[in-house]
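Commentary on secondary and tertiary structure
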Amino acid sequence: MGGFFGAVTTGRSVVLDVFFGTDYHSHLGTNSAGLTFWDKEKGFSKEIHNITNTPFRTKFENDLYKFHGNCGIGCISDTDPQPLLVRSQLGVYAIMTIGIINNAAELIDKRLREKGYPVKSLLDIVQNDNQFMVMSSGKVNSTELVAALINQEDSFAKGIKNAQKVIDGSMSIVIMTDKGELIAARDALGRTPVHIGRGEDGQCISFESFAYTKLGYQSYKELGPGEVVKLTATECEQLAPPGDKMKICAFLWSYYGYPNSDYEGVNVELMRYHNGESMAQAEIDMGTLPDVDYVAGVPDSGVPHAIGYSTRSRKTFARPFVKYTPTWPRSFMPGDQSVRNMVAKMKQLPVDKLIRGKKLLFVDDSIVRGTQLRETVEFLYESGAKEVHMRSACPPIMYSCKFLNFSRGNSDMDLLARRMIQELEGDEGHKHIEEYADASTKRGKCLLSAICEKLGFDSLGYQSLDGLLDSIGLDREKVCTYCWTGKE
Ligand code: SF4
């Protein structure tokens, strides 16, 4: 994934606003981060750091003194380093993006061919601009590709529309021009949000709405799908209107959005309470509510779903294990798998009196690959739990996301539900995904009990798609449910 923040004021330095505003997006990415500022006298200044093992603030606090300007942007990225500085016929500008380009190779080939490929000499390369810089992985930086697509047109608005039209995937874009203006574009189907905040002496753009309220900006508007705006310190000019079709990502609420964020007016924390309540109510109606001592959430995003479940089921909420966070930054990701497992294990601390001899029901935000959950269950049994029941706050995930850069594996066969279907029925099973996804059908029940057995739970339940969508509460057509249905 990734997140971004940008601000422009009438003259006051925005360095601290952008520093803290960007930091508030740290839950959205763990790879790299960047800050870029524009100053009327000094032009652009920029830094990019790897944040794999060190939090954003620690990495950038020593850079603060060298930044100046009343306009700036920053991003947290799970993929390519950014923001990038670009020089083109549109001027010099800084650009950052969030999204995924599934057809990058095709777009790069096309662009190179248009520019005179194949080349015969170095002079050809320079004269025809038929090159892309590549990262050490050999891949073209997605943001550079987006910039190349924008540069094909004679205005930012047209260029952004051109990029969004030809990209297979999704792409939200933020640009800072050499006039000290910000241009923000939400991806064509609004899979991820873009908020505009307005303060006394400036305006800002942000993925997360809460990131700017602490900085003195109030919510001004949330961009519609595909909408493009230009921001100065005082004006918000619409460069392209929103489209009428939206497919906002359902996982913003159930998993990766921050609790105090609102998307399309729906708060994340409250959605999770409602979702947990609706799961418990469905079990009360079906008579499947297990007799447990405590209801608990798998930290962090499982917790509010569990609070809702506990409230409706009238089973006591507890935290049978807690994470030791003071010295383990969320992003700490050692390369070695065995060290990673060790880190995961060391982070989890049992509260012995809440586990030993107890019957526990855990709610997790989702069950994706199942690896970590299996370890959690083993850990609970090792710690003396009598029973462990598991509930997933969303239906079984059947399809990998192809619209966002979501770090959960690229193949459908990485998904636990799909692997189990393969085990149960072989290739034939994948023709009946819809049935498997519905826990009330024969195949659905079969999948449920196979996963339950595989992961060693005493019982397993999934939220239904209807229950999830009701908890979000938006018009169903506006919410992306591709992960579960495979329907775009
Ligand atoms: S496919 Fe899933 S993760 Fe991707 S945008 Fe849709 S709901 Fe979100």
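One can find the structure itself at the top, above this paragraph.
Heads up: these notes are all about the structure in this document. Small disclaimer: the values here were computed from a predicted structure and weren't measured. The numbers attached to residues start from 1 for each chain and follow its sequence in the written order. Per-residue local features are limited, in this predicted model, to residues with pLDDT of at least 70; the limit for side-chain atom pairs, both in listing and counting, is 80 or more; totals at the level of whole chains, interfaces and linings are taken over all residues.

Topic: the pairing of strand β3 (residues 43-50)
- For strand β2 (residues 32-39) and β3, the ladder comprises eight bridges, and the chain directions are antiparallel. Note that in β3 the partner of Leu-35 across the bridge is Glu-47.
- Counted between consecutive antiparallel strands, the loop separating β2 from β3 contains three residues. Two strands pair under a simple rule: DSSP has to find at least two bridges between them. Helix and strand labels come from DSSP, where a helix needs a run of H or I of at least four residues and a strand needs a run of E of at least two; each type is numbered from the N terminus.

Details of the sheet that holds strand β21 (residues 387-392)
- Strands sit in the order β17-β20-β21-β22 across an open sheet of four strands; the sheet is parallel. Whereas interior strands pair on both sides, the edge strands pair on one side only; in this sheet they are β17 (294-297) and β22 (459-462). On average, adjacent strands in this sheet sit at an angle of 20° to one another, irrespective of strand direction.
- Here β17 pairs with strand β20 (residues 359-364) via four bridges, running parallel. Paired with Ala-296 across the bridge in β20 is Phe-362.
- Contacts here follow a simple rule: the backbone-placed C-beta atoms of the two residues must lie within 7 Å. Under this scheme, a helix contributes an axis fitted over its contacting stretch, all axes are lines through C-alpha atoms, and angles between N-to-C directions fall in the 0 to 180 degree range. Helix α10 (residues 302-313) contacts β17, β20 and β21 of the sheet and is inclined by roughly 155° relative to β17.

A word on the sheet that holds β3
- Strand order in the open sheet formed by seven strands is β3-β2-β4-β1-β10-β9-β11, with antiparallel pairing between adjacent strands. Strands at the two margins of the open sheet, each flanked by one partner only, are β3 and β11 (218-222). Along the sheet, successive strands turn relative to each other by an average axial angle of 15°, direction set aside.
- Of the pairings in the sheet, the one linking strand β1 (residues 2-9) to strand β10 (residues 202-206) comprises five bridges and is antiparallel in character. Considered in β10, the bridge of Thr-9 is made with Gly-202.
- Contacts from helix α1 (residues 15-23) reach β1, β2, β4 (71-77) and β10, with the element oriented near 20° to β4.

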